[in-house]
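Given next are the chains, with one letter for each unit.
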Amino acid sequence: MRLQLSLALFLAATTISASAQRVNVDGAQQTFSVDSERYFSEVYFRNNPTAGTQAGFHQYDTQLEDYSAAGIQRETGELHAALKQLEEIPADGLDRGVADDRELLMNSIRSQLLSLETIRMWEKNPDNYPSGVTGSIFTLMEREFAPVDTRLRAAVARERLIPAVLANGKKNLKNPPRIYTEIALDQIDGTISFFQNDVPAAFAAATDSKAKADFAQSNAAVLAALKDYAAWMKSDLLPRSNGSFAFGADTYRKKLLYDEMVDTPLDKLLAVNEANMKANQAEFARIAREIDPNKTPQQMLAELAAMHPAPDRLLQTFRDSFNEEIAFIQQHHIITLPSDVRPVLEETPPFERATTQASMDPPGPFERNSTRAYFNVTLPDKSWSAERTNSYMAAFNVGTIVSTSVHEAYPGHYVQFLWQDRFPSKVRKLVGATTNIEGWAHYCEQMMLDEGFLPPGTDARTAKLIRLGQLQDALLRNARFNVAIRMHTMGMTTDQAERFFVTEGYQSPEIAKVETRRGTADATYLYYTLGKLEILKLREDLKVKQGAAFQLGRFHDRFMIEGPVPIKIVRRDLLGNDTPVL
């Protein structure tokens, strides 16, 4: 299915937008259908062709985002016009689900406008440009949705536009925060390596001689432009990088409202997270004392870290975990599994190994030529020393394997992907809330253990260590929640944030530094815990309403069929009211 309007629909949309008073209650449903179609094809994907490729609309494969100031101004105008069209549609003329879709789409547009007009990362974050173009090429590499020669030709078309993107970055950037420029400088060598090594390797099987010759030219030009951009950042941009990364309270509240439909005051959000964090810390201490009252939490975590499979058994360990999780889900009626097809478990492709240990790579909702989902796991390099290998494999201890497999696959992200064809509308397939997507996966980590899931043969001590691993992951997300709000609205420094991750989040200093740097730009990365807590409250509220009739599996099915929308919308449908999400 393509998001291209027919001529008739386009003319209808144009007529509607030209005369707002002609939109009436009786025609609201049809008007929304026309305007939403037109928005995706004429505004969103035209300005975000990389997202088009990811979604499965390959008419955008040869296009690249316009990063120029003029392009951003044009996009901003188009977004304002699209928002005005949607606002003119009377909500009382729409069915409830369509009214929710209208609200979801309007909030998505408001969020984009907030990003372009107020947050203005295009003026503040120098990494946006090299990372953005890397992602655009990566989408052509990661899935075999077309023959390699076809994808190579698309990569050439995009690469030819990349030097102009970097040139626009030089023009656009104004007084970025120093930490943003430092991060961009730290990452630029990896970006250069990506184009120098990974991109050619990904298209090595190409046979079109002209495309290969064109690629040699375009890739060389990209490398030269990236090296020039790196030198410019170091000599010119870094010395004048004195801006603030903090969003400020007003912008932060608006971003939460538009992205997640959360209007809870920030001080209450902090209090809710604080209570959850203290409960997790208390539970961690209780279980640690049961295992060994003479060991500190850090010693307990060190013991857990040493309990991992041999590297050459890691993939098989994850395959076995699928069997165990599926059997438990079906036996205990956790959620309906819409398909028996499993993700393809494989070693992470070379061009992703520097940035991920494990990931789920499902196809876009409208991808029809490459429909397999990949569960990628990064193995330690065989050239590493035994000490380095053991240190790396600590990330795949018995607890982390359970949490990772549950989060990424069953019943986390992969199961939500399996439900994708049942989502009730195109809007819900293309617009989602991270509190729903990551909140669901994070909720599953706790829920599965709460329901009694453990790998077969797990002894009592190991079961407790697995729970400690889950709690440490929860505390990491609690720390993100606190740090995100305090850094962006209350003046918390990066040094204070790093200490918080260590003392309250039970993380190493190295992880604390990485997490803090991430939070300076990913300002609302509280969405893991926020979403989990919203889902838990919804579940409890539904239990109160349904009493003895409540069934966990039925709740999960109802939650999933709504699509990845803000929890507020799910609450409306399941509870029939607009009671607070927290």
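From a predicted model like this one, the values you see are computed outputs, not experimental measurements. (Residues numbered from 1 in each chain as written. Predicted model: local features only at pLDDT ≥ 70, side-chain atom pairs only at ≥ 80, totals over all residues. Heavy atoms only, no water.)

Student: Got a sec to walk through helix α23 (residues 509-521)? Specific residues and values, please.
Tutor: Buried within α23 are the following residues: A512, E515, T516, G519 and T520. Considered in projection along α23, the buried side chains sweep an arc of 145° and stay on one side of the axis. Away from the buried face of α23 by more than 90 degrees, exposed residues E510 and V514 are located. On the buried face of α23, the contacting elements are α10 (178-202), α21 (460-489) and α22 (494-503). (Buried < 20%, exposed > 50% of the residue type's maximum accessible area, 1.4 Å probe, protein only. Helix = DSSP H or I, 4+ residues; strand = E, 2+ residues; numbered from the N terminus. Arc of directions from axis to C-beta. Contact = heavy atoms within 4.5 Å.)

Student: How would you summarise the sheet that holds strand β2 (residues 358-361) if you had to cite specific residues and measurements?
Tutor: Taking strand neighbours across the sheet as the criterion, the three strands line up as β1-β3-β2 in an open arrangement whose pairing is mixed. Bordering the open sheet on either side are β1 (344-347) and β2, each of which pairs with just one other strand. In this sheet, adjacent strand axes meet at a mean angle of 20° when their direction is disregarded. Bridge analysis of β1 against strand β3 (residues 374-377) gives four bridges, and the strand direction is parallel. Paired with V344 across the strands is Y374, a residue of β3. Across the sheet, helix α15 (residues 314-331) touches β1 and β3, and the angle it forms with β1 is around 165°. Those strands touched by helix α17 (residues 398-408) are β2 and β3, and its axis lies near 15° from that of β2. (Pairing = 2+ DSSP bridges. Axes fitted to C-alpha atoms, helices over the stretch in contact; angles between N-to-C directions.)

Student: Can you explain the packing of α17 against helix α20 (residues 434-450)? Please cite residues and give values.
Tutor: Two elements in contact, α17 and α20, have axes whose closest approach is 8 Å; the angle formed by their N-to-C orientations is 135°. When the axes of α17 and α20 are compared, the pair comes out oblique. The element α17 and its partner α20 pack so that their crossing is right-handed. Facing V402, S403, V406 and H407 of α17, the residues of α20 in contact are E438, A441, H442, C444, E445, M448 and L449. Classifying every residue of the contact of α17 with α20 by side-chain character gives six nonpolar, three polar and two charged. (Parallel < 35°, antiparallel > 145°, perpendicular 65-115°, else oblique. Left-handed = near helix turned anticlockwise from the far one by under 90°. Nonpolar A, V, L, I, M, F, W, Y, C, P; charged D, E, K, R; others polar.)

Student: Before we move on, could you go through α21 and cite the residues and values that matter?
Tutor: Taking 1.5 Å per residue as the helical rise, α21 with its 30 residues ought to reach 44 Å, and the 44 Å between its terminal C-alpha atoms agrees with that figure. For α21, the N-terminal capping position is held by D459, with its side-chain oxygen 3.2 Å away from the main-chain nitrogen of R461. (Expected span 1.5 Å × (residues − 1). Polar contact = N/O pair within 3.5 Å; in protein donor to acceptor, adjacent residues only side chain to side chain.)

Student: Could you give an account of unusual backbone geometry, with specific residues and numbers?
Tutor: Of the consecutive residues Y410 and P411, the connecting peptide bond is found in the cis state with omega at 5°. Its location among the elements puts P411 in the loop between α17 and α18 (413-418). Here the phi dihedral of R120 falls at roughly 55°; this positive angle occurs in a residue that is not glycine. Among the secondary structure elements, R120 is positioned in the loop between α5 (96-119) and α6 (121-124).

Student: For the packing of α21 against α23, give the residues involved together with the corresponding values.
Tutor: Relative placement of two packed helices is described by the angle separating their axes and the distance separating the axes. It is the contact of α21 with α23, at a shortest axis distance of 10 Å, that shows an interaxial angle of 45°. Judged on the interaxial angle alone, α23 and α21 are oblique. Between α21 and α23 lies a crossing whose hand is right-handed. Taken together, the residues of α23 that come into contact with α21 (itself represented by L476, R480, M487 and H488) are E515, T516, R518, G519 and T520.

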